[in-house]
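Per-entry structural report
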Amino acid sequence: MSETNDLRSYLSALDALGDIQRIMRVIDPNLEAAAVTRRSTENGRPAPFFEHLSGVGEGFRMIGAPGALSSVPGHPLARVSLSLGLPYTTTAAELVEHLRQAGTGQLIPPRRVAADSAPCKQNILTGEEARLDRFPIPFVHQSDGGPYVNTWGVIVARTPDGRWTNWSISRIMMIDDRHMTGLVLPGQHLGMIWREWEAIGEPMPYALFQGGDPGAAIVGGMTVPTEVDEGAYLGAVLGRPVDVVKCETNDLEVPASAEVVIEGYLSATRDAVEGPFAEFHGWALPETSPQPLFSIEAITYRDDPIWPLAAAGRPVDDSHVAPAAGISAEVVAVLQGAGLPITTAWLPLGAACFWTVITVPQNWRDVLPGMDTARFVHRIGEVLNGTRVGRLSPVVYVLDDDVDPANDSDLLWALATRVHPSLRQEQWHGPIMPWYPCFLEEELHNGWGAIVVHDALLPAVGSGRVPPATFDGVFPADVRAKVLAAESEQTGDTGSAEQTGDTGSAEQTGDTGSAASS
């Protein structure tokens, strides 16, 4: 059962770990807050908590990098783990497995509570009073098209027939105090739902909430399967229902503990210009696009609200961690669902989630008798190519599970020594996402290109596989025991590394090996 059921209890948990930096000087939401946040993520510091903001009323606060890597030594995934009700010591493989199980088990729908018990209803603005000018809307990057209302909040949308409610993160730019615009991409769930409203020529009701259950933003940034309600999926992840409350001006529901809720309608036509905005791939590209217009009908908020800020850019920041965990979990679920032996998957954070690394157990040949590595990897590529999640990364590597894909040292060594420069790879052509600058301009324009799947599997034991040149791999047991015994005498530690099970792997120590955590 999760004890962090709102943004405030979550920040208290981070504070107890020393992962909050309280900033008492007055901070300007115009670029300064984002600049401090970028410095924090780029240098592995605690999350900056801005107690005093200029240009807004007293009591308005802001938290930077709430979903980025943690500064807690040895536990870079502490923030995302705590957000999802897990111990801060959770490793990448454990996180992926927990999310996979939640996605394949019984979902737990949200639980509606009375408005008078919902903290997000402490202040209610409607009509002309529902304006953004009293809130600390951050200007994130100097080349952005304007201040961005949404960098770590969640958009709630529902199909016209009510069959599917979606929670998602998508950037939203402020136009004026009563209007916004944001990315509504056809290949994403928000775009799929909006397209149904566009087809009937009616504006789409929406709600945008900041804060609330900290796991909402994590799940909103994941790739939960189409037509699965993220609120119910989050309930399965947390092991309890999320308390929600009905909006003021439409029938959508939002977490009762949300800090700020903006309600309104999204136009059925693309009448606004959105962007540019520096994105998760690490480049400040000068791109704009025609997008629908968000009109604001009501705003509700807690007393002394806290506004979350994610300053997206070069890895690693909030925009990488949640997608890496969510996509990895769905990749494992898809492949295991196809009957393939898979240990885990991970999108390396330092690669901006452009790569997917899949590891398979040492005994995969026993599970798939008569199959060689080429046919095994071909089957993996075939399954991935048939799914939306399988085409989210342009490059896929398949490795033995003697490598921890979340350990950058492990991964770099394996890729350098096991991936053939030009052979043992297959290209799978199909739809590609529009945000990968590694593709040609023509490919991005057409939305069509190749993903590459690399066979980097080792030979079978006894068929050319050699032991790794490590302490455990190339020294006999009696020599290792002698060395460990001498170390124990020197340190006064009566338990050897072998006795405690600590052989220095990232998974055993909880160190996922991210460069930003070192």
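Note: the structure precedes this text.
Residues numbered from 1 in each chain as written. Predicted model: local features only at pLDDT ≥ 70, side-chain atom pairs only at ≥ 80, totals over all residues. Heavy atoms only, no water.

Okay, the overall build of the protein next. From N to C terminus, the protein includes 16 helices and 23 strands. Here the C-alpha radius of gyration of the protein, 24 Å, is about what a compact globule of 518 residues would show, namely 24 Å. For the C-alpha atoms alone, the extent of the protein along its principal axes is close to 80 × 55 × 45 Å. Out of the 518 residues in the protein, the part that is buried amounts to 54%. Considering only intrachain contacts with a sequence separation of at least 6, the fraction spanning at least 24 residues in the protein is 72%. (Helix = DSSP H or I, 4+ residues; strand = E, 2+ residues; numbered from the N terminus. Rg over C-alpha atoms; globule rule 2.2 N^0.38 Å. Buried < 20%, exposed > 50% of the residue type's maximum accessible area, 1.4 Å probe, protein only. Contact = heavy atoms within 4.5 Å.)

Let us now look at the sheet that holds strand β20 (residues 355-360). An order of β19-β20-β21-β23-β22 is seen for the five strands of this open sheet, with the pairing classed as mixed. What marks the edges here is a single partner per strand, and that holds for β19 (344-346) and β22 (425-431). Each strand of the sheet is rotated relative to its neighbour by a mean of 20°, with strand direction disregarded. Inspection of the sheet shows β19 paired to β20 by three bridges, in the antiparallel sense. What sits directly across from Trp346, in β20, is Val357. Running over the sheet, helix α8 (residues 318-337) touches β19 and β20 and is turned about 145° from β19. (Pairing = 2+ DSSP bridges. Axes fitted to C-alpha atoms, helices over the stretch in contact; angles between N-to-C directions.)

Position of Arg178 relative to the elements: it lies in the loop between β9 (172-176) and β10 (179-182). Using a relative accessible area of 16% as the deciding quantity, one classes Arg178 as buried. At 3.1 Å, the side chain of Arg178 forms a polar contact with the backbone oxygen of Ala130. At a separation of 2.8 Å, a polar atom in the side chain of Arg178 contacts the main-chain carbonyl oxygen of Ile296. Discounting chain neighbours no more than four positions away, the residues touching Arg178 are Gly127, Glu128, Ala130, Arg131, Phe294, Ser295 and Ile296. (Polar contact = N/O pair within 3.5 Å; in protein donor to acceptor, adjacent residues only side chain to side chain.)

Moving on, we get to the sheet that holds strand β4 (residues 111-112). What the three strands build is an open sheet, ordered β4-β12-β13; its pairing is mixed. The open sheet terminates on both sides in strands that have one partner only, identified here as β4 and β13 (253-255). Pairing of β4 with strand β12 (residues 243-246) involves two bridges; the strand directions are parallel. Across the sheet, Arg111 pairs through a bridge with Asp243, a residue of β12.

The relation between two aromatic rings is expressed through the spacing of the ring centres and the mutual angle of the planes. This model, assessed by the stated rule, comprises 13 aromatic pairs. Aromatic side chains Phe135 and Tyr301 sit 5.2 Å apart centroid to centroid with 90° between the ring planes, which places their arrangement in the edge-to-face category. With Phe135 in the loop between β5 (123-126) and β6 (148-150) and Tyr301 in strand β17 (residues 293-301), this residue pair connects regions lying 166 residues apart in the sequence. (Phe/Tyr/Trp six-rings, centres within 6.5 Å; stacked < 30°, edge-to-face > 60°.)

This brings us to the packing of helix α4 (residues 92-104) against α8. Helices that pack against each other are described as a pair by the angle of their axes relative to one another and the distance between those axes. α8 packs onto α4 with a crossing angle of 60° between their chain directions and a minimal axis gap of 8 Å. Relative to α8, α4 is oriented oblique. The interaxial crossing formed by α4 with α8 has right-handed handedness. When α4 is examined against α8, the residues Leu95, Val96, Leu99, Arg100 and Thr104 are found in contact with a partner set consisting of Ala325, Gly326, Ser328, Ala329, Val332, Ala333 and Gln336. Among the residues forming the contact of α4 with α8, the class breakdown is seven nonpolar, four polar and one charged. (Parallel < 35°, antiparallel > 145°, perpendicular 65-115°, else oblique. Left-handed = near helix turned anticlockwise from the far one by under 90°. Nonpolar A, V, L, I, M, F, W, Y, C, P; charged D, E, K, R; others polar.)

Among the secondary structure elements, Asp400 is positioned in strand β21 (residues 395-400). Accessibility expressed as a relative area gives 0% for Asp400, which makes it buried. Separated by 69 residues in sequence, Asp400 and Ala469 place their C-alpha atoms 16 Å apart. If we skip the residues at most four places from it in the chain, Asp400 touches Thr359, Val360, Gln362, Trp364, Arg418, Ala456, Leu457, Leu458 and Arg465. Reaching out from Asp400, the side chain makes a polar contact with the backbone nitrogen of Leu458 at a distance of 2.7 Å.

Below, the discussion takes up the environment of Thr269. Following the sequence through the fold, Thr269 ends up in the loop between β14 (258-266) and β15 (272-274). Residues Thr269 and Gly18, spaced 251 residues apart in sequence, show a C-alpha to C-alpha distance of 47 Å. Of note is the side chain of Thr269, whose polar atom sits 2.5 Å from the side chain of Asp271.

For helix α14 (residues 477-491), spanning 15 residues, the distance from its first C-alpha to its last is 21 Å, which sits close to the expected 21 Å at 1.5 Å a residue. What α14 keeps buried is the set Arg480, Leu484 and Ser488. When α14 is viewed along its axis, its buried side chains cluster within an angular range of 75° and face the same direction. Among the exposed residues of α14, those pointing more than 90 degrees away from its buried face are Asp478, Lys482, Glu489 and Gln490. Looking one or two residues beyond α14, the residue adopting positive phi is Gly492, at roughly 80°. (Expected span 1.5 Å × (residues − 1). Arc of directions from axis to C-beta.)

This paragraph deals with the pattern of salt bridges. With the rule as written, the count across this model stands at 30 salt bridges. Among the charged side chains, a salt-bridge network with shared partners connects Glu128, Arg131, Asp133, Asp177 and Arg178. (Salt bridge = Lys/Arg side-chain N within 4 Å of Asp/Glu carboxyl O.)

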